[in-house]
Structures are given as structure tokens and as C-alpha cells.
Protein chains: 2
Amino acid sequence: MPKVVDHETRRRELTDALLRVVVRDGYDAISIRSVADEAGCSVRPVQYYFADKAQLLAAAHARVTERMGALVTRAVHELGGSPRPRAVVGTVVHAFLPTNDEARHAVIAYHCFFAAELTQPSIRVPGADASPNALARLIRTQFERHWNRKPTAAETRDIQLLVTTLSTIAATVIAGYHDIEDATSLLDHQIDRLLPPNNKR
Amino acid sequence: MPKVVDHETRRRELTDALLRVVVRDGYDAISIRSVADEAGCSVRPVQYYFADKAQLLAAAHARVTERMGALVTRAVHELGGSPRPRAVVGTVVHAFLPTNDEARHAVIAYHCFFAAELTQPSIRVPGADASPNALARLIRTQFERHWNRKPTAAETRDIQLLVTTLSTIAATVIAGYHDIEDATSLLDHQIDRLLPPNNKR
């Protein structure tokens, strides 16, 4: 009798194994073979779920986004009932800082993929900007709740700037250019500009 | 009679060959062999000038900084006599945008090194923050010329933010997340905040 396999679970396990390889050994280390070794299986199941390296990368890209999304959602949920707009934005933005392995690994993997995309346009994942766009919408919504108006063109740029630079600022902590306090103050400075902390709204 | 070799020139040629390999084929492609192939020589001279891959990387890192420095210096020089502070800062910042191959290649190489540093602390180059620090000092000096005072703590963060995010914003153009107009407006928005364009000083 054949084993019952939950395909989604198996696929996710292999993708997570790939992410561990990237975070530990860098983008160079990715191969069907290294993912199989990391997952403790033969190359057969890896090849079964992912026809080639490009599919493996696309899945890993999507999985990083999914895991960061889950981290952010959990952090906001922990704020409880009806959090103030500034608390929501602060919590979301701070969730990207490498203060835990999940965020640390996501930031490393994101940067490895981003650098690879610069030299290899073929691995660019369609819709990779969905995640920054969703983050910009979330911040914009909180802004509108806070001020009860739409952001101006200048404020819209400030939101875009915060979203664009978030993972870079998180990564500079891992690379040792900033300590966590510097990085936090660079992010909070941008949040304070959009949503002043002493405003009761 | 042995050939007269200008060691500095030879070393720079090999480092530039390495940068071409990174920009074209990504960080994975770096090896003593691929650099030799790119430079059109045997592995012997590469090994002579660079004992191992780590030395090759450190030299490439320094060379990217040197080439970007030259690009920026030339752009500022072309402003002529006594340029206004805002013109200097605008010129320096815009020089990083991938509107020419030199800047494009520097931004790609910088991001490949940065991503590799995240997973391999051993390749971090001592003093790699010299270049962002010099850029922050340059902007600070122009700020002081413009306003005839020192920046406040908030303004100092804005300068730090501009420096930290400059190469990310440049890279998002190469990766296709922003077009050049978006990227320019994100940068100009930050410059305008520090040095308003209509101020005559």
C-alpha cells in the first residue's frame, strides 16, 4: 500500500531545507543535491516537486514572503483588541529587525535572492513586488486611520521610502554596519515623521 | 631580459576582470580560474597577486569603492567653480543611479558582496564602512555650508538614512522594482528635505 503523503507539507519541507542552505552557505550553495542532503532525502523527491533550479528558487522566494507575513501577522495579533495606528506600523516594521532567527533568516535569504536577481534577470520572480506593495498599503491604511485623510505626495514618498529601505536597514545589522539601536532609531525616525508618537489618535 | 611589469596596473587589471565576472555571472562564478579566463591569462598570475579567494574579494571590494569614488569626484568636478551645496549633494547622490555602465556595475557588485557578507562573515572587509562614512561626512559638510550651522539629531538621521539607502534605491532600478524616475524622486525627496532647492544659499 503506498504511503499517504501530504504533498503541500512535503513541498514546504523541501523549500524550508533550501532556505536553511541559503542562510547557512549562501546563494552559491543552492542545488538539487544540497537541498536533498539538507532535507535528508535523495534527489528524487526534490526533482519530483521542482523541475529545475528556477522552480526551486521561485518557491523559496514565495516561502520567505509567506514566513515573514506570518511573523508580522502574529506580532500585530499580539497587540490585542484595537491597537493604535502607530503601534501597528511600529510592530510591523520592527518585526523585520534581526532580533530572532526567523526574521534574521528571512532578511538574509531576501538579500541573497535580491543580489542574484541583479545579475540573473531570468530568476526574477513575477509578482515579487507584491510584498512591498502590500506593506505600503498597510502603512497607508494606518496613516489614514491616524490622520483621517489621505497622505500627500510627500507623505506617500515617505511611506515608499520606509518600505524600500526596511530590509536594507535590517540587513546592515547582520552585516555589522549598524547595531540594533541605530537601526531601530533610523526606522523609528521615519515612523515618527508619518505618525507622531504623542498623538492620541 | 625579463619583461618590465607595472605591478599595480597588472593587479588592477585582474581585479577589474573579477568585477566583470561578478557583474555578468554573479557571486557564485568567482574563482581563481574564472578570473584568469576573463583576464585572458593562466591561473599563475592570479595566484601570484592574490594568495586566495578572500584576498581577491577584498581587492575587488576596494576597487569598487575606488571606481565609484572616481565617478563621483569626476561628476562634482564637472560642476565647475563654486557649486552650491545642493548641487554637490544632488550630483553625488545621482551618480549612484544606474544610468551608465560604471555605476550599474558598481551597484551590482556592491550588492553581490553585501549579500555574501551576510552569510559569510569571514569575507567581511575591515573598513568596509569607510565609504558610507565618507559619503555621510561629505553631505554633512555641504549641509553646514548651506545652513551655516550643524545638523540637529533628526537631520543627522536623515543624512544617515540617505547614505544607507542610496545603493538599495539604485539597485531597485536594476531589479525592475522602480523605474529611474521613481528612484530619482525618492532620492530627491530626501535631498530636498535637507537642502531645499529654492534656497539661494
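Our subject is the structure that appears above.
Values in this document were obtained by computation on a predicted structure and should not be read as measured data.

Rules used in this analysis
- Residues numbered from 1 in each chain as written.
- Chains lettered and ligands numbered in written order.
- Predicted model: local features only at pLDDT ≥ 70, side-chain atom pairs only at ≥ 80, totals over all residues.
- Heavy atoms only, no water.
- Salt bridge = Lys/Arg side-chain N within 4 Å of Asp/Glu carboxyl O.
- Least-squares fit on C-alpha atoms with pLDDT ≥ 70 in both.
- Contact = heavy atoms within 4.5 Å.
- Buried area = accessible area lost by both parts, 1.4 Å probe.
- Polar contact = N/O pair within 3.5 Å; in protein donor to acceptor, adjacent residues only side chain to side chain.
- Helix = DSSP H or I, 4+ residues; strand = E, 2+ residues; numbered from the N terminus.

K.L.:
What should I look at first to understand the pattern of salt bridges in this one?
P.N.:
Side chains bearing opposite charge may pair, as long as their charged atoms lie close to each other. For the structure shown, the criterion picks out 26 salt bridges over all chains. When the shortest N-O distance is used, the salt bridge between A:D25 and A:R24 registers 3.2 Å.

K.L.:
What is the right way to look at the relation of the copies chain B and chain A in this model?
P.N.:
Between the two copies of the chain lies a relationship made up of a rotation around an axis and a movement along it. Take chain B, turn it by 180°, move it 0.0 Å along the axis, and it overlays chain A with an RMSD of 0.0 Å. Taken together, the rotation and translation relating the two chain copies correspond to the operation of a two-fold axis. It is B:D28 whose C-alpha, among those of chain B, lies nearest the rotation axis, at 2.4 Å.

K.L.:
Can you help me understand the interface of chain B and chain A in this one?
P.N.:
One frequently used descriptor of interface size is the decrease in accessible area upon assembly of the parts. Of the residues lining the interface, 39 residues belong to chain B; the matching set on chain A comes to 39 residues. Across the chain B/chain A interface, buried area totals approximately 3600 Å², and carbon plus sulfur atoms make up 64% of it. Put simply, chain B and chain A have 2 salt bridges between them. Between B:D158 and A:R193 there is a salt bridge whose closest N-O contact spans 3.0 Å. Counting every contact that joins chain B to chain A gives 13 residue pairs in polar contact (both at pLDDT 80 or more). Looking at the side of chain B that touches chain A, the elements that each hand over two or more residues are helix 1 (7–25), helix 6 (101–119), helix 8 (153–175) and helix 9 (180–194) of chain B.

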